[in-house]
Amino acid sequence: MIKSTLLYRDDGLPLCMSVDDDDNSAGLNEQKKYVKLIVSRMTPNSANEATLESNGSYEISYIRKDVVCYFVICEAGYPRNLAFSYLNDVAEEFQHSYANEYGKPTLRPYAFVSFDTFLQRTKQSYSDKKVQDNLDQLNQELVGVKQIMSKNIEDLLYRGDSLDRMSDMSASLKESSKKYRRSAQRINYELLLRQYAPIALLAFFFVFLIYWIFLR
């Protein structure tokens, strides 16, 4: 399950953090502190996407796009393909909404708190059992996620390890990632269609009925 989402600029400025009223545990708060430390350890050579295993209970996954680092804290065992698909959806929407703003040098911390509305809606979508089951089926078709760098957070924070990428992702892996994101978006669209299509049809029926009785 997705527990929290955090967005940082690569200079360490926090841009947005999800409101996690359902879980204010000490364990989750500790993971959020780890995220801040991870940002401070990043260099231009750091991997653009990675998963950090933490305390056996959580995993921190991130992607970097432009000057923004997108982090998601998940319960251990949550499918990593889902975590990275979620991060890509978040990054796409954030860049679309604030591309001309998040790079400004005068920006204040947490300037984009309103983005939490999108985070909560998308988090709920990725918590839906039907979505998880459908996306998990795609995992069988993709081996690329296994090549995403995974490290233990203790190695990074306390033993001097780094987030440097060991090797570039192959062209086939990038193509698999694109295929996965397209499939995930299609499944989300089908889920929304199943959810709202009956309401739209019912509304159309009532409009037609009113027209037939009173306006014909």
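A brief look at the structure comes next. This is a predicted model, so every value here is computed, not measured. (Residues numbered from 1 in each chain as written. Predicted model: local features only at pLDDT ≥ 70, side-chain atom pairs only at ≥ 80, totals over all residues. Heavy atoms only, no water.)

1. A closer look at a nonpolar patch on the surface
Note the cut-off: A patch consists of residues exposed above 30% relative accessible area that lack any salt bridge, with like charges linked at up to 9 Å and nonpolar side chains (Val, Leu, Ile, Met, Phe, Trp, Tyr) linked at up to 5 Å. Areas reported here follow the Shrake-Rupley algorithm with a probe of radius 1.4 Å; residue values treat only the protein chains shown as occluding. By definition here, a salt bridge exists when the distance from a side-chain nitrogen of Lys or Arg to a carboxyl oxygen of Asp or Glu is within 4 Å. Where helices and strands are cited, they refer to DSSP runs of H or I of at least four residues and of E of at least two residues respectively, numbered from the N terminus. Partly exposed residues are those whose accessible area sits between 20% and 50% of the maximum for their type, while under 20% is buried and over 50% is exposed, using a 1.4 Å probe and protein chains only.
A contiguous nonpolar patch, built from Leu202, Phe205, Phe206, Leu209 and Ile213 and spanning about 480 Å² of accessible area, is present on the exposed surface. With respect to the element layout, leucine 209 can be found in helix α6 (residues 171–215). A relative accessible area of 32% means that leucine 209 is categorised as partly exposed.

2. Considerations on the pairing of strand β3 (residues 49–54)
Threshold: Should DSSP find at least two bridges between two strands, the strands are taken to pair.
A large share of β3 lies buried, amounting to 5 of its 6 residues. Relative to strand β4 (residues 58–65), β3 runs antiparallel, the two being bridged by 6 bridges. Bridge pairing links alanine 50 to tyrosine 62 in β4. Linking two consecutive strands that pair antiparallel, namely β3 and β4, is a turn of 3 residues; a positive phi of about 60° is found at asparagine 55 within it.

3. Examining the pattern of salt bridges
Scanning the entire structure with this criterion turns up 4 salt bridges. Between glutamate 53 and arginine 80 there is a salt bridge, with the nearest N and O atoms lying 3.0 Å from each other. With a gap of 27 residues between them, glutamate 53 in strand β3 and arginine 80 in helix α2 (residues 80–98) connect regions that are remote in the sequence. Across the salt bridge formed by arginine 80 and glutamate 59, the nearest N and O atoms sit 2.9 Å from each other. One end of the pair, arginine 80, is in helix α2; the other, glutamate 59, is in strand β4, and 21 residues separate them in sequence.

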